[in-house]
Number of protein chains: 2
Amino acid sequence: MTTLSNTNLPIGVFDSGVGGFTVVKALKRYLPGESIIYLGDSARVPYGTKSKETVTRYSVKNAEFLLSQQIKMLIVACNTASAHSLPTLEERFDVPIIGVIDPGAKAALAATRAGRVGIIGTLGTIGSGVYAERIRSLSKGEVSTAGEACPLFVPLADEGWISGEVPRLVASKYLSELQGKLPDLDVIILGCTHYPVLRDTIQDIADEVFGRPITLIDSGIATALAARDFLTSVEGISTSKIRGDVKVFVTDSSRISDIGTRFLGEPIGRVTQVDIV
Amino acid sequence: MTTLSNTNLPIGVFDSGVGGFTVVKALKRYLPGESIIYLGDSARVPYGTKSKETVTRYSVKNAEFLLSQQIKMLIVACNTASAHSLPTLEERFDVPIIGVIDPGAKAALAATRAGRVGIIGTLGTIGSGVYAERIRSLSKGEVSTAGEACPLFVPLADEGWISGEVPRLVASKYLSELQGKLPDLDVIILGCTHYPVLRDTIQDIADEVFGRPITLIDSGIATALAARDFLTSVEGISTSKIRGDVKVFVTDSSRISDIGTRFLGEPIGRVTQVDIV
């Protein structure tokens, strides 16, 4: 394990947009002393429907921006970027990097009793098969998986349609598809930073569709805990006595304050627009 | 009125993604002899949730690319780009440019008997107020308007959820909001290239919600007819004896063939990926 150059530098976090605020929320809870620099690539959001090449090109640009700000580690909050681009980022940049896939996969393995895990996410994340592959490899093939892309969950979360008839009906369609593929699963990974916003609806419908209590795994929380484990292991936890702050950069500032607040669960502070093309 | 340098050059069309294929479909119908060069900015789609500045920056890049391909005129198929960026494009580029707003507004004025027109579109298009302003100015204030942003229609069209329970419920929510604002309208402009794909559902629900037959205006068709009028007026219709072809460029090729086919109503041909950042 590496040691960090300066433990009091902030943690860099990027996401395709504001979804990563659900990861920031978890970081603030589990690592309250850390400062965070967040970059949301809102001018090019979403990543979930775009190709691996495009997502990787954007991810590299995002990482370059955050590294130019002086960070001690990088968290790729976006599931699609983690699924498509983590190896490229790790190869390209000399900083500890944590994506959301590995922590989410481990948390799911720790939670399943049935040995069957469902994964819901964007088209990119599900299409990549990276969660499934990670679970297969970690469990030595003992845990089965099935994935279902749920592309309408992102706009529903963005619009704040998080409870009521429409999201329930949409969730019921997606989860019934998943049920058809792996009827006896007991754990579902929320494999997109937007989904925790819809958590109550997804929980309700999942319990109903599968006919048993389903454990939902929030990859964002799993990632925040993995970041804490990593920083502890390298003695990299901030020693600053003041509570960490969050600096937010976005590539397009449209709608950031209202949507961001829904994802962070509290008002977000000053937002700076940057052009990173 | 200007004359065109070369009437046998293609028409350039750009859109934020594949939605503009509904405009291409109309162009192929009403101007079958014209060749078309289409650019879909699928690496940065959607435009509808992004700021005027970002959309204008992208629109300028798109126009530059199409002009480099030698075109006789430019059609801005995207409603959001037309709403935010048309003046900038007209100022910047020396080529005849037609957007979708003006033709759509005129078609709506020609269709309304009640003197009341509803507009549905993206957050960007509705927020800009450009349709409303154009209708007010063309009718000298005699026609009233109300707008409703319908952000979930785009992902529904992309996913092919164009009929059945979910799109009906979503349409019913949006159109009821519009009904609350302007209950006695008789015409609604489909102010987004994606919406014609949902036309049957929107028609059905609109008739139900407003309790009378509602005329839907397809801005894409109105724009194709405006392009034909313009080309006729400047003697710019292609004199080529062979049927025009469509060359498609995209900035990200993910999912273009399947979604594009839904919008064009026939298989799309060869697609070339370009990087226009």
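One numbering rule holds for all chains: residues counted from 1, following each sequence as written. Each chain takes a letter, starting from A, and each ligand takes a number, starting from 1, following the order in which they are written. Residues qualify for local features only when their pLDDT is at least 70, as the model is predicted, and side-chain atom pairs are given and counted only at 80 or more; totals for whole chains, interfaces and linings, by contrast, use all residues. Note that water and hydrogens are dropped before the side-chain values are worked out from all heavy atoms of the structure.

1. Some points on the overall build of chain A
Okay, step 1: Secondary structure elements follow DSSP: runs of H or I of four or more residues count as helices, runs of E of two or more count as strands, with numbering from the N terminus. What chain A contains, in helices and strands, is 11 helices and 10 strands.
Okay, step 2: Our radius of gyration is a C-alpha quantity, and the globule rule it is checked against amounts to 2.2 Å times the number of residues to the power 0.38. Relative to the compact-globule value of 19 Å for 277 residues, chain A shows a C-alpha radius of gyration of 18 Å, a close match.
Okay, step 3: Taking the principal axes of the C-alpha coordinates as reference, chain A spans close to 50 × 40 × 35 Å.
Okay, step 4: Summary of the burial criterion: residues with accessible area below 20% of their type's maximum are buried, those above 50% are exposed, and those between are partly exposed, where the area comes from a 1.4 Å probe applied to protein chains only. In chain A, buried positions account for 57% of the 277 residues.
Okay, step 5: Accessible surface computed for chain A: about 10900 Å², of which carbon and sulfur atoms make up 48%.
Okay, step 6: Charge counting follows a simple rule: Lys and Arg are positive, Asp and Glu are negative, and His as well as the terminal groups are ignored. Here the site of a charge means NZ on Lys, CZ on Arg, CG on Asp, or CD on Glu. Positive and negative side-chain charges in chain A, numbering 28 and 30 respectively, have mean positions lying 2 Å apart. Computed by Shrake-Rupley with a 1.4 Å probe, the accessible areas treat only the displayed protein chains as cover when residues are assessed.

2. Considerations on the packing of helix 8 (residues 165-181) of chain A against helix 8 (residues 165-181) of chain B
Okay, step 1: In contact at an axis separation of 10 Å, helix 8 of chain A and helix 8 of chain B are set at 165° when each is read in the N-to-C sense. In terms of axis orientation, helix 8 of chain A runs roughly antiparallel to helix 8 of chain B. In terms of crossing hand, the pair formed by helix 8 of chain A and helix 8 of chain B is left-handed. Touching Glu165, Val166, Leu169, Val170 and Lys173 of chain A of helix 8 of chain A are Glu165, Val166, Leu169, Val170 and Lys173 of chain B, all from helix 8 of chain B.
Okay, step 2: Here the term charged refers only to Asp, Glu, Lys and Arg, the term nonpolar to Ala, Val, Leu, Ile, Met, Phe, Trp, Tyr, Cys and Pro, and the term polar to all other amino acids, Gly among them. Counted by class, the contact of helix 8 of chain A with helix 8 of chain B contains 6 nonpolar, no polar and 4 charged residues. Axes here mean lines fitted to C-alpha atoms, for a helix over just the part in contact, with angles spanning 0 to 180 degrees between N-to-C directions. An angle counts as roughly parallel when it lies under 35 degrees, as roughly antiparallel when it exceeds 145, as roughly perpendicular when it falls between 65 and 115, and as oblique in every other case. For any pair of crossing helices, the crossing counts as left-handed if the nearer helix is rotated counterclockwise from the farther one by less than a right angle, and right-handed if it is rotated clockwise. By definition, residues are in contact when any of their heavy atoms lie within 4.5 Å.

3. Re the sheet that holds strand 2 (residues 36-40) of chain B
Either a parallel or an antiparallel arrangement is found when strands of a sheet pair, and the pairing is made through backbone hydrogen bonds.
Residue and element names in this part refer to chain B.
Okay, step 1: Pairing between strands is defined by DSSP: at least two bridges between them are needed. Sheet architecture is open: 6 strands sit in the order 4-3-1-2-9-10, paired in parallel fashion. Strands at the two margins of the open sheet, each flanked by one partner only, are strand 4 (97-99) and strand 10 (271-273). Across the sheet, the axes of successive neighbouring strands diverge by a mean angle of 20°, strand direction being ignored.
Okay, step 2: Summarising the sheet, strand 2 and strand 9 (residues 246-250) pair through 5 bridges and their orientation is parallel. Of the residues in strand 9, the one forming a bridge with Tyr38 is Val248.
Okay, step 3: In the packing of helix 1 (residues 21-30) onto the sheet, contacts are made with strand 1 (11-15), strand 2, strand 3 (73-76) and strand 9, and the angle to strand 2 comes to roughly 170°.

4. Brief notes about the nonpolar core
Okay, step 1: Definition used in this section: a nonpolar core is a set of buried Ala, Val, Leu, Ile, Met, Phe, Trp, Tyr and Cys residues joined via side-chain atoms within 4.5 Å. One finds Ile120, Phe153 and Ile188 of chain A together with Ile120, Phe153 and Ile188 of chain B to be the most contacted residues of the largest nonpolar core, which totals 116 residues.
Okay, step 2: Residues contacting Ile188 of chain B, with those up to four places away along its chain left out, are Gly118, Ile120, Leu175, Leu178, Ala206, Phe210, Ile214, Thr215, Leu216 and Ile217 of chain B.

5. Some details on the sheet that holds strand 5 (residues 116-121) of chain A
Residue and element names in this part refer to chain A.
Okay, step 1: Here 4 strands make up an open sheet; going across it, the order is 6-5-7-8 and the pairing parallel. Edge strands, defined here as strands with exactly one partner in the open sheet, are strand 6 (144-149) and strand 8 (215-218). Geometrically, the sheet is characterised by an average inter-axis angle of 25° between neighbouring strands, direction not taken into account.
Okay, step 2: Together, strand 5, strand 6 and strand 7 (187-191) form the strand contacts of helix 8, whose direction differs from that of strand 6 by roughly 155°.
Okay, step 3: Where helix 10 (residues 219-233) meets the sheet, it contacts strand 7 and strand 8, and its direction lies at approximately 55° from that of strand 8.

6. Concerning the relation of the copies chain A and chain B
Okay, step 1: Once turned by 180° and shifted 0.0 Å along the axis, chain A lies on chain B with an RMSD of 0.0 Å. Look at the turn and shift together and you get a two-fold axis relating the two. Relative to the rotation axis, the C-alpha of Arg44 of chain A is the closest in chain A, positioned 2.4 Å from it.
Okay, step 2: A shared interface surface links the copies, since 100% of the contact residues of chain A are contact residues in chain B too. A least-squares superposition brings the copies together, and it is based on the C-alpha atoms of residues with pLDDT no lower than 70 in both.

7. Observations concerning helix 9 (residues 199-210) of chain B
Residues and elements named next belong to chain B.
Okay, step 1: Under the 1.5 Å per step criterion, the end-to-end length of helix 9 is 16 Å for 12 residues, consistent within 8% with the ideal 16 Å.
Okay, step 2: Of the positions making up helix 9, those classed as buried are Thr201, Ile202, Ile205, Ala206 and Phe210. For helix 9, the arc enclosing every buried residue in end-on projection is 130°, short of the 170-degree limit, so these residues lie on one face. What points out from helix 9, more than 90 degrees from its buried face, is the exposed set Asp200 and Glu208.
Okay, step 3: Its buried side turned inward, helix 9 meets strand 5 (116-121), helix 7 (153-159), helix 8, strand 7 (187-191) and strand 8 (215-218).
Okay, step 4: Positioned one or two residues after helix 9, Gly211 has a phi angle of 70°, which is positive. The span expected for a helix works out to 1.5 Å for each residue beyond the first. By definition, the arc is the one covered by directions from the helix axis to the C-beta atoms.

8. Quick word on the pattern of salt bridges
Residues and elements named next belong to chain B.
Okay, step 1: Each salt bridge in this description consists of a side-chain nitrogen of Lys or Arg and a carboxyl oxygen of Asp or Glu lying within 4 Å of one another. With the rule as written, the count across this model stands at 22 salt bridges over all chains.
Okay, step 2: Across the salt bridge formed by Glu159 and Arg255, the nearest N and O atoms sit 3.1 Å from each other. Placement of Glu159 in helix 7 and of Arg255 in the loop between strand 9 and helix 11 (256-264) is noted, with a sequence separation of 96 residues between them.

9. Overview of the pairing of strand 8 of chain A
Successive residues of a regular strand alternate their side chains across the two faces of the sheet.
Residues and elements named next belong to chain A.
Okay, step 1: Pairing geometry for strand 7 and strand 8, over 4 bridges, is parallel. The residue of strand 8 that forms the bridge with Ile188 is Leu216.
Okay, step 2: Note on handedness: a crossover is taken as right-handed if, strands pointing away from the viewer, the path from the first strand over the helix to the second is clockwise. The handedness of the strand 7 to strand 8 crossover, carried by helix 9 (residues 199-210), is right-handed.

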